Amino acid sequence: MFVPSRAQGSPPYGGPAWDDERAEEAVGRGKIQLSDVTVGYGDGAVLENLSLDVERGDFLCVEGPSGAGKTTLLRLLYGSLLPTTGLAVVDGVDLASLRPRHVSRFRRRLGCVFQSYELLPHLTARENVLLPLQLAQMAIDEPDERADQALEMVGLGDKAGSLPAELSGGQQQRVAIARAIAHEPAILLADEPTGNLDSVCTADVMRAFRAFHHEGGTVVMATHDESLLNAYAERVIRISPRAA
Amino acid sequence: MSLWPLRYVGTLWSYSWRWQRRRISTWFVTAAVVGVVLSVAVAVQLVVWLGQRSLAGQLESASEMQVFVVDSASADQQSALQAKLTAIPGVSRVTYRSKAEAASRATHDPELAPLAGASDGNPFPASFVLQMRDPGIAPRVLSAVSGDPAVDPKIPASYTAAQAQRLSSALGTLQVIALALDLVALGVGAVVALALLRGEVRARRDELRILTLVGVPRAIIRVPLVVQVLSVALAGSALAVLSLVYMGQHVVPAIDQSLPFLRLGDPAQAFRPLAVGTLAASCATLVPCALLVRLPR
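What you see is a predicted model; the values in this text were computed from it and never measured.

Observations concerning helix H3 (residues 75–86) of chain B
All names here are of chain B.
- The end-to-end C-alpha distance of H3, which contains 12 residues, comes to 16 Å, matching closely the 16 Å that a straight helix rising 1.5 Å per residue would cover.
- Considered for burial, the residues of H3 that qualify are Gln78, Leu81 and Leu85. Down the axis, H3 shows its buried residues gathered within 60° of arc, on one side only.
- Each element contacted by the buried residues of H3 is listed here: strand S1 (64–69), strand S2 (91–97), strand S3 (126–132) and helix H6 (138–145).

This is how it looks when you write it as structure tokens:
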């Protein structure tokens, strides 16, 4: 069984440590802190004065209707958007001080899963997990074994040689989860990961999230599926659309 | 010792190869277009190079200059002048031509013969005849003899600075034309390479976005583009060198045979500098294209 190692304060993978933030990291690994955060596109704010504390090992669901700002929140958390005002610290990194050249390094500390799977169609399941691992984590140890272990963890060890087109939607999403956790992140961010799946596939995908969570990982999942909230969430926050 | 750097380079290389292999037909078309453009450029360059060499050779053979001696110059003054002329860098030989010898030569010159016949005395001055390695040193000679008591102050030499300047500028013009043609060719090559790269980025937008989202550094995402455009530059240059060799072995001898006055000569000496120059210029022009093309955020 693949067991992500998340020792307090240790780098998330075999790559170089982020020296200037190591002190912050020691107290913030696996945590998310948002304090009076406002974020938006152009002049309009989508999220306003949002405050949130996610502890290490939490399973947090973000619920709300379409357009409420769930995806915006997830984009903020993986460094695609920066806060307009307020303090946002993810996995020990203050996003306001995140320089553009450090975004890719910051993202390697996280795992991200998207509604549309985002798999490369010409690569097998194993290659889909392995390629980003090899390209992003230069000095990672035994990438092949890690990819295989991640696929085992999501229950797809026997589908490693299959192309995405040969897999069901649920299996494709589990490959995406394997890719997201192969480099042993402390936080897994998921944006509507079951939005395109039927109930059977949804259950398979959620089992994979649970496996990661039981190993001590923090999960933040955006969804509008009430049944998921009842069945899996430890904490739920609800976001309402801003009044015009 | 850790082997991860080697392993990482291997991964990047295999990813770049896989990237390229999937759209190999596009690559072939681009490499062929770049190759044709570079072939045209290198062919022009070869003709200009040979033309320059031929012109320089002809100028060199015609690099004879006379410094006229006044009739009143003493033997010592003439010796001092000869020594001064011999010491000028670029002057390979200095010989004395007497008044009698000059008059004798004039009778065989259709332009000077009437003058020789019409005069009672000998109007042709004695002179020192200089063989120059480069006509460009004529101004230096004129400057050296200026004010010398043995030199005719009215017409000091057969060769003026303006004439030398015209000959030198002819060579310079040829070089500028060749350089301009090269720049045009490289510009066309860069536009073609940019079109290829933009097409690649468009075709792989999803793949690049996924790699960005999972934290692959943007510099690493660019590596396949750099490898691709480098391979286009290498293939295009190889095609251009083949054209160069073909042209040198078949076209140049044919031109020499039909237009012998051009005297283009043996092009073998031009192969290496032109091949190396084409490769270096194509790489230096095309590789920055891979750094300029915009990646998805």
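Some points on the layout of surface pockets
Residue and element names in this part refer to chain B.
- Within this model, the second largest pocket holds a volume of roughly 480 Å³.
- Looking at the second largest pocket, it is lined by 19 residues, and the ones nearest its centre are Gln66, Phe68, Pro123, Phe124 and Pro125.
- Residue assignment for the lining of the second largest pocket shows that the elements contributing at least two residues are S1 and helix H4 (99–107).
- Counting residues per element, the lining of the second largest pocket draws most heavily on H4, at 4 residues.

Observations concerning the packing of aromatic side chains
Residues and elements named next belong to chain A.
- One pass over the full model with this rule turns up 3 aromatic pairs over all chains.
- A centroid spacing of 5.8 Å and a plane angle of 90° characterise the contact between tyrosine 78 and phenylalanine 114, whose relative ring orientation is edge-to-face. On the criterion of sequence distance, the pair formed by tyrosine 78 in the loop between helix H2 (70–77) and strand S4 (85–90) and phenylalanine 114 in strand S6 (residues 110–114) is long-range, its members being 36 residues apart. We note that tyrosine 78, like phenylalanine 114, is buried.

Considerations on the interface of chain A and chain B
- In this complex, chain A contributes 21 residues to the contact, which on the side of chain B involves 19 residues.
- Interface area, chain A with chain B, both sides summed: about 2000 Å², of which 68% is carbon and sulfur.
- On the surface where chain A and chain B come into contact, there are 1 salt bridge.
- The residue Arg209(B) makes a salt bridge to Glu118(A) at a minimum N-O spacing of 2.9 Å.
- Across the contact surface, chain A and chain B share 3 residue pairs in polar contact (both at pLDDT 80 or more).

Considerations on the pairing of strand S2 (residues 44–54) of chain A
All names here are of chain A.
- Inspection of the sheet shows strand S1 (residues 32–41) paired to S2 by 7 bridges, in the antiparallel sense. Bridge pairing in S2 places tyrosine 41 opposite glycine 44.
- Where S1 hands over to S2, the hairpin turn is made up of 2 residues, of which glycine 42 adopts a positive phi near 65°.

Re empty space enclosed by the protein
- This structure, assessed with the given rule, holds 2 cavities of 30 Å³ or more.
- Of the pockets and cavities examined, the largest cavity occupies roughly 120 Å³.
- Around the largest cavity, the lining is made up of 15 residues, and of these Pro132(A), Arg179(A), Ala180(A), His183(A) and Val214(B) lie nearest the centre.
- The element that contributes the greatest number of residues to the lining of the largest cavity is helix H4 (residues 125–136) of chain A, accounting for 4 residues.
- In terms of residue class, the lining of the largest cavity is built from 10 nonpolar, 3 polar and 2 charged.

Let's talk about the nonpolar core
- In this structure, Leu135(A), Leu46(B), Leu197(B), Val216(B), Leu225(B), Val229(B) and Leu286(B) are the most contacted members of the largest nonpolar core, which totals 50 residues.
- Of all the secondary structure elements, the ones that give two or more residues to this core are H4 of chain A together with helix H1 (4–21), helix H2 (24–61), helix H7 (161–203), helix H8 (205–213), helix H9 (218–258) and helix H10 (268–292) of chain B.
- A per-element tally of this core places H9(B) first, with 10 residues.
- With residues up to four places along the chain from it excluded, the contact list for Leu197(B) reads Leu225(B), Gln228(B), Val229(B), Cys289(B), Ala290(B) and Val293(B).
- By size, the runner-up hydrophobic cluster in this structure holds 41 residues, among which are Ala125(A), Leu167(A), Ile177(A) and Met206(A).

A short note on helix H6 (residues 169–181) of chain A
- Between its first and last C-alpha atoms H6(A) spans 19 Å; for 13 residues at 1.5 Å apiece the expected length is 18 Å, and the two agree.
- Taken together, the buried positions of H6(A) are Gly170(A), Gln171(A), Gln172(A), Gln173(A), Arg174(A), Val175(A), Ala176(A), Ile177(A), Ala178(A), Arg179(A), Ala180(A) and Ile181(A).
- Against the buried residues of H6(A) lie S6, H4, helix H5 (143–153), strand S7 (187–191) and helix H7 (199–214) of chain A together with H8 of chain B.

Quick word on the packing of H4(A) against H6(A)
Residues and elements named next belong to chain A.
- Taken N-terminus to C-terminus, the directions of H4 and H6 make an angle of 25°; their axes are 9 Å apart at the nearest point. Judged by the angle between their axes, H4 and H6 are roughly parallel. Handedness of the crossing formed by H4 with H6: right-handed. Residues Ala125, Asn128, Val129 and Pro132 of H4 form the contact with H6, whose participating residues are Val175, Ala178 and Arg179.

Some points on the sheet that holds S6(A)
All names here are of chain A.
- Read across the sheet, 5 strands follow the order S6-S7-S8-S3-S9 without closing on themselves; strand pairing throughout is parallel. Only two strands of the sheet have a single neighbouring strand rather than two, namely S6 and strand S9 (235–238). Between one strand and the next, the sheet's axes are offset by a mean angle of 15°, whatever the strand orientation.
- Where strand S3 (residues 59–63) and S9 come together, 4 bridges link them in parallel fashion. Within S9, the residue paired with glutamate 63 across the bridge is arginine 238.
- Along the sheet face, H6 touches S6 and S7 and points at about 165° away from the line of S6.
- The strands that H7 touches are S3, S6, S7 and strand S8 (218–223); relative to S8, the one it contacts most, it runs at about 150°.

The rules we used
Residues numbered from 1 in each chain as written. Chains lettered and ligands numbered in written order. Predicted model: local features only at pLDDT ≥ 70, side-chain atom pairs only at ≥ 80, totals over all residues. Heavy atoms only, no water. Helix = DSSP H or I, 4+ residues; strand = E, 2+ residues; numbered from the N terminus. Expected span 1.5 Å × (residues − 1). Buried < 20%, exposed > 50% of the residue type's maximum accessible area, 1.4 Å probe, protein only. Arc of directions from axis to C-beta. Contact = heavy atoms within 4.5 Å. 1 Å grid on protein atoms, 1.4 Å probe; cavity = no way out; pocket = protein on both sides within 12 Å on 5 of 7 lines; lining within 4 Å. Points joined across faces, edges and corners; volume = space filled by probe spheres on them. Phe/Tyr/Trp six-rings, centres within 6.5 Å; stacked < 30°, edge-to-face > 60°. Buried area = accessible area lost by both parts, 1.4 Å probe. Salt bridge = Lys/Arg side-chain N within 4 Å of Asp/Glu carboxyl O. Polar contact = N/O pair within 3.5 Å; in protein donor to acceptor, adjacent residues only side chain to side chain. Pairing = 2+ DSSP bridges. Nonpolar A, V, L, I, M, F, W, Y, C, P; charged D, E, K, R; others polar. Core = buried A, V, L, I, M, F, W, Y, C linked by side-chain atoms within 4.5 Å. Axes fitted to C-alpha atoms, helices over the stretch in contact; angles between N-to-C directions. Parallel < 35°, antiparallel > 145°, perpendicular 65-115°, else oblique. Left-handed = near helix turned anticlockwise from the far one by under 90°.

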